[in-house]
Amino acid sequence: MGEKVFLQGNVALAESAIRAGCKYFFGYPITPSSEVPEYYARKAQEEGLVFVQGETEVACFNMIAGTAATGKRVMTATAGPGFSLGQEAMSYMAAAGLPAVVVEVMRPGPADGEILASQGDYFQAVKGGGHGDYNTLVLAPCSVQEMCELIQDCFELAEKYRNPVILLSDALLAKMRENVELPGRKEQNCDLSWALTGCAGRKHNVMTTCGDGAAQWEKFNLDLQEKFAKIKANEERWENYQTEDADIILVAYGSMARVAMGAMKLAREAGLKVGLVRPISLWPFPVKAFEGLGDKTFLVTELSAGQMVEDVKLTVPHKENVYFYGRLGGFVPSPKEIFEQIKKLGVK
Amino acid sequence: MKTIYKRPEVFTDVNTSYCGGCGHGIVNKLIAELIDEMELREKGILVWPIGCSVYADKYYKMDAICALHGRAPALATGIKRSLPDKFVMVYQGDGDMVSEGMAEIMHAAVRAENFSVIFINNAIYGMTGGQMAPTTLLGQVTSTSPYGRAVASSGYPVNMAEIMANMPGVCYSERVTVNTPQRITATKKALKKAFELQFENKGLSFVEVLSPCPTGWGKKPIDAMKMVDEQLIPIYPLGAFKSPEEVPAK
Ligand SMILES: Cc1ncc(C[n+]2csc(CCOP(=O)(O)OP(=O)(O)O)c2C)c(N)n1
Ligand code: SF4
Ligand SMILES: [Mg+2]
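Residues numbered from 1 in each chain as written. Chains lettered and ligands numbered in written order. Predicted model: local features only at pLDDT ≥ 70, side-chain atom pairs only at ≥ 80, totals over all residues. Heavy atoms only, no water.

1. Examining the pairing of strand E8 (residues 177–181) of chain A
Residue and element names in this part refer to chain A.
And step 1. Burial of the side chains of E8 is restricted to one face: Glu178 and Val180 are buried, whereas none of Arg177, Asn179 and Glu181 on the reverse face is.
And step 2. Of the pairings in the sheet, the one linking strand E1 (residues 4–8) to E8 comprises 5 bridges and is antiparallel in character. When the bridges of E8 are listed, Leu7 appears paired with Glu178. (Buried < 20%, exposed > 50% of the residue type's maximum accessible area, 1.4 Å probe, protein only. Helix = DSSP H or I, 4+ residues; strand = E, 2+ residues; numbered from the N terminus. Pairing = 2+ DSSP bridges.)

2. Structural notes on the packing of helix H3 (residues 57–69) of chain A against helix H2 (residues 72–82) of chain B
And step 1. At a minimum axis separation of 6 Å, H3 of chain A and H2 of chain B run at an interaxial angle of 45 degrees. Relative to H2 of chain B, the element H3 of chain A lies oblique. The chirality of how H3 of chain A crosses H2 of chain B is right-handed. In this structure, H3 of chain A contributes Ala59, Asn62, Met63, Ala65, Gly66 and Thr67 of chain A to the contact, and H2 of chain B contributes Ala74, Leu75, Thr77, Gly78, Ile79 and Ser82 of chain B.
And step 2. Residues of the contact of H3 of chain A with H2 of chain B, tallied by class, amount to 6 nonpolar, 6 polar and no charged. (Axes fitted to C-alpha atoms, helices over the stretch in contact; angles between N-to-C directions. Parallel < 35°, antiparallel > 145°, perpendicular 65-115°, else oblique. Left-handed = near helix turned anticlockwise from the far one by under 90°. Contact = heavy atoms within 4.5 Å. Nonpolar A, V, L, I, M, F, W, Y, C, P; charged D, E, K, R; others polar.)

3. Regarding the coordination of the magnesium ion (ligand 3)
All names here are of chain B.
And step 1. Those donors, Asp94 (OD), Asn122 (OD1) and Ile124 (O), are the protein atoms that reach the magnesium ion (ligand 3), and they lie 2.0 to 2.1 Å from it.
And step 2. Counting residues between consecutive donors of the magnesium ion (ligand 3) along the chain gives the motif D-x27-N-x1-I. Taken as a pair, Asp94 in helix H3 (residues 94–100) and Ile124 in the loop between strand E4 (116–121) and helix H5 (151–154) lie far apart in primary sequence, 30 residues in all. Here Asp94 matches Ile124 in class, with each residue buried. (Donors = N, O, S within 2.8 Å, 3.2 Å for Na, K, Ca; no water.)

4. Observations concerning the domain arrangement of chain A
All names here are of chain A.
And step 1. As assigned here, chain A comprises domain 1 (4–185 + 222–234) and domain 2 (240–344).
And step 2. A separation of 26 Å is found between the C-alpha centroids of domain 1 and domain 2.
And step 3. At the junction of the two partners, domain 1 supplies 34 residues and domain 2 supplies 26 residues.
And step 4. Taken together, both faces of the contact between domain 1 and domain 2 bury some 2,400 Å²; the carbon and sulfur share is 55%.
And step 5. At the junction of domain 1 with domain 2, the criterion picks out 3 salt bridges.
And step 6. For Glu146, the salt bridge is made with Arg278, and the minimal N-O distance between the two is 2.9 Å.
And step 7. For the interface between domain 1 and domain 2, the tally reads 15 residue pairs in polar contact (both at pLDDT 80 or more). (Domains from an automatic or database assignment. Buried area = accessible area lost by both parts, 1.4 Å probe. Salt bridge = Lys/Arg side-chain N within 4 Å of Asp/Glu carboxyl O. Polar contact = N/O pair within 3.5 Å; in protein donor to acceptor, adjacent residues only side chain to side chain.)

5. Re the pattern of salt bridges
And step 1. With the rule as written, the count across this model stands at 35 salt bridges over all chains.
And step 2. Across the salt bridge formed by Glu239 of chain A and Arg278 of chain A, the nearest N and O atoms sit 3.0 Å from each other. Taken together, the residues Glu239 of chain A in strand E10 (residues 238–241) and Arg278 of chain A in strand E12 (residues 274–279) connect sequence positions 39 residues apart.
And step 3. A network of salt bridges, in which partner residues are shared, links Glu55 of chain A together with Arg81, Arg111 and Glu113 of chain B.

6. Thoughts on the interface of chain B and chain A
And step 1. Contacts between chain B and chain A engage 34 residues on the former and 35 residues on the latter.
And step 2. Roughly 2,600 Å² of surface becomes buried between chain B and chain A when both sides are summed, with 60% attributable to carbon and sulfur atoms.
And step 3. Summed over the shared surface of chain B and chain A, the number is 3 salt bridges.
And step 4. Taken together, the connections running from chain B to chain A amount to 15 residue pairs in polar contact (both at pLDDT 80 or more).
And step 5. Among the elements of the structure, strand E1 (44–48), strand E2 (63–66), H2 and helix H4 (102–110) of chain B are those that each provide at least two residues to the side of chain B that touches chain A.
And step 6. Examining the composition of the side of chain B that touches chain A, we find that 7 residues originate from one element, H2 of chain B, more than from any other.
And step 7. Taken together, the residues of the side of chain B that touches chain A break down into 16 nonpolar, 6 polar and 12 charged.
And step 8. The pairing of strand E9 (residues 206–207) of chain A with E2 of chain B spans 2 bridges and is parallel. Paired with Val206 of chain A across the bridge in E2 of chain B is Ala64 of chain B.

7. What about the packing of aromatic side chains?
And step 1. If you walk through the whole model with that rule in mind, you get 15 aromatic pairs over all chains.
And step 2. Their ring planes at 55 degrees and their centres at 5.6 Å tell us that Phe290 of chain A and Phe298 of chain A sit as a pair that is tilted. Judged on exposure class, the residue Phe290 of chain A and its partner Phe298 of chain A are both buried.
And step 3. Linked through ring pairs, Phe11, Trp48, Tyr60 and Tyr91 of chain B together constitute an aromatic cluster. (Phe/Tyr/Trp six-rings, centres within 6.5 Å; stacked < 30°, edge-to-face > 60°.)

Next up, the structure:
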């Protein structure tokens, strides 16, 4: 751990990625993610980084695929409209086993939408926005500090599983400033025998992205599924707050988890037994966080019309006990607003 | 006894999927010969497209990757920026480059990327069964221009070699073809020049090859060779449109 500094989310994330040894950045400007490419551009010379502003997100996502194929740590950052354009490459990188990191800063869609806070891209990030049977690991921080730590973990996870990893941020986290203790330098330490580097002194490497008949392609897909099953078994992350004695449990991630935490405090002060489940890994969804909580009532709150709530319903035994409250268009509810919703549910 | 001809070392023993009389096979072999002669096998990464050459990553004992349709120049940008001292070859068909990937090739040229691009112009989508490409000739019958390509609905053929020559980021642009032995030799020379230029930091080197597609054109191989002369060359003239001597290093 290093010095404490007061930094904007995007800037802290970029600095932390550089400290993780990510020397390659390809991106296209879009609010609320632009401070990330700007930071890389500014630091390129003194830190010996490669920064390219690509012509489109279509190109940028394929560029990070190219650098990832050479075994180097590489990243892009974007928001919904750009993330949509990147989806063909997400599917491609999952097939080719390319360990790139994508920062997706959510803003409210659909279409160009707004540039405020949102969690409307949960489905796209978590369910795989591109074609075919694949998954990407998705980590969702709820503070600038956590963003700094998770972005470094993203690189390690990407390399551990040879799979793209998404850091799912939102306009609020990206733009807020907080005191952070920047993590130290972390160098890459993984097997790179698969990378494309020119085949001097070894057998040549060819990355598989195209099928060669049903038998071969089904086997390829089953191998991928095996990898995803391993990720599911090993990489769930969450934090539970006061869930043991709770009658009502809030479920929220990212910025919304901060609001939910405030609502939980208000409820506790009013004598209501309320807890909070905060998923940190959205894929794999933290199923284990709900173990032993089967008979509770859940209130899922999101900055969306209801996306993660589907995964909660798939996880708990009584989906009729799962309620939802969301805001759209860039509105972020206050803790009091959530508290009012809790009161409406009543307590058993 | 002196060996005067042999199979290029870099080739694997995988059979190609090309039809008889196809230009891809000829160009693939020229690439293999040059890789042997220039000793590039252990120094290079080959980037293949989606199209009839999609399986070419299996033909060479070299590090290789097949890009998404049209995206080879973007993928190669990520590779070459990471490995600036390595040889990076991009290979694209006309549907891949001029339709799906026009933005990617143009911007690789804008950025003066230091890699070589081989462009196989057969005026058709070979792989998907002979549909119209942006390079299809006016009046040419394809499965999506069954009455012949018409300007009113589909506009005009695209002359990539000339367009690339106009880009300051391109150091070399030449159009060649492979329908006679002499022209095959000339094609090899052009490819060699393009490969050598990678290491001179002058930007993108570009070779367009007019390539017969007997299957897509519905012609016998010999007639497809003739069609290159009679129909393609009048619209797509052969020659160098930009010489590297005119271009300083970046
Ligand atoms: C995004 C996407 N769109 C369409 C296709 C279908 N497709 C495969 S190859 C091809 C055209 C190939 O034509 P060309 O690039 O001219 O190569 P050729 O086969 O003629 O060498 C198309 C349209 C695809 N694979 N991906
Ligand atoms: S369809 Fe045309 S381009 Fe494709 S392999 Fe056959 S001849 Fe060659
Ligand atoms: Mg073609």
